[in-house]
Amino acid sequence: FSATDGSTGKELWAHDTSNHSTWQVIDIQSGTGNGNPGYYMDELLVGDTIYFDADDGSTGQELWAHDTSNHSTWLVTDINSGSGSSNPGDWMNLLVGDTLYFSASNGITGDELWAYDTSNHSIWQVADINSGSTGSTPGQYMEILVGDTIYFSAWQAITGHELWAHDTSNLSTWQVVDIDSGSGDGFPGQQMELLVGDTLYFSAADGNNGYELWAHDTSNDSTWRVTDINSGSASGTPGQYMSLLVDDTIYFSALEWNSGIELWAHRPSSIDY
């Protein structure tokens, strides 16, 4: 975990629950500066090795690793070469097999989807979704793994914030659907995201009915608005305050003008179609 002892800044620390010992693992940014381990990336454990972002004071906030078996710590890669920060994991980070998938910026293409294979130490930009220097901020609103495929929100100048996917088995990347047709933003997952079987349930806006509950069946690539809770152009904002799957029923907060913000439920079935 990250912590500060008041003299070396925020650094990587450890606590052994078996003997109650606590120690500073490493002073990544030596002196009083902050190494800020895990500032953007939720720490990902692969075998005995923890992967996280940190700043050593010279290469910026980049991808680091610590092997708990031999207590070694190292800079994995400097994506944004030099003193600039790539901020890995700022918007998303997932572990698929031995490979980390995360948002990062190389200083040229903006925040895009990157990958690092821990088995062979290769690193690559998965896709430049929004071509040019302005990134697509992948995973800003949602990220869900279904089998070998990552479903996530991403922004493109032509279609706005919409639902995208990347198949980790064949390395293909595509826009799943343009919910708010044209350059408008569907903002999928901004309020909620849940996986029920093979189907994603998430909040989104189509530009006509406000933020409502939507679904995408990953088995047949169909996408539909589940219901218009707050009828008309007003938003039901499903999941703004809570969303939870219990057995086969989704429970979530939603707004309907007559009753206000209350507890709602949806049981997925064939009538969704």
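Shown above is the structure to which this text applies.
Residues numbered from 1 in each chain as written. Predicted model: local features only at pLDDT ≥ 70, side-chain atom pairs only at ≥ 80, totals over all residues. Heavy atoms only, no water.

A word on the pairing of strand β16 (residues 193-196)
So, point 1. The alternating pattern of β16 places L194 and V196 on a buried face and E193 and L195 on a face that is not buried.
So, point 2. Examined bridge by bridge, β16 and strand β17 (residues 199-205) share four bridges and lie antiparallel to one another. What sits directly across from V196, in β17, is T199.
So, point 3. Here β16 folds back onto β17, and the loop between the two strands holds two residues, one of which, G197, carries a positive phi near 65°. (Buried < 20%, exposed > 50% of the residue type's maximum accessible area, 1.4 Å probe, protein only. Helix = DSSP H or I, 4+ residues; strand = E, 2+ residues; numbered from the N terminus. Pairing = 2+ DSSP bridges.)

Side note on the packing of aromatic side chains
So, point 1. This model, assessed by the stated rule, comprises four aromatic pairs.
So, point 2. Measuring from centroid to centroid gives 4.8 Å for Y39 and Y40, while their planes differ by 85°, and the two rings are edge-to-face.
So, point 3. The class for Y39 is exposed, based on a relative accessible area of 55%.
So, point 4. For Y40, a relative accessible area of 25% puts it in the partly exposed group.
So, point 5. For the pair Y51 and Y116, a centre-to-centre distance of 5.9 Å together with 55° between the ring planes defines the contact as tilted. Separated by 65 residues along the polypeptide, Y51 in strand β5 (residues 49-55) and Y116 in strand β10 (residues 111-117) bring together distant segments of the chain.
So, point 6. The exposure class of Y51 is buried, given its relative accessible area of 4%.
So, point 7. Linked through ring pairs, Y141, F187 and Y211 together constitute an aromatic cluster. (Phe/Tyr/Trp six-rings, centres within 6.5 Å; stacked < 30°, edge-to-face > 60°.)

Some remarks on the sheet that holds strand β21 (residues 249-256)
Paired through backbone hydrogen bonds, the strands of a sheet run either parallel or antiparallel to each other.
So, point 1. One open sheet accounts for three strands, arranged β20-β21-β22; its pairing is antiparallel. Either end of the sheet is taken by a strand with one partner, and the two such strands are β20 (243-246) and β22 (260-266). Taken over all neighbouring pairs, the strand axes of this sheet differ in orientation by 30° on average, direction set aside.
So, point 2. Note: β21 against β22, seven bridges, orientation antiparallel. Counted as the bridge partner of Y251 is A265 from β22. (Axes fitted to C-alpha atoms, helices over the stretch in contact; angles between N-to-C directions.)

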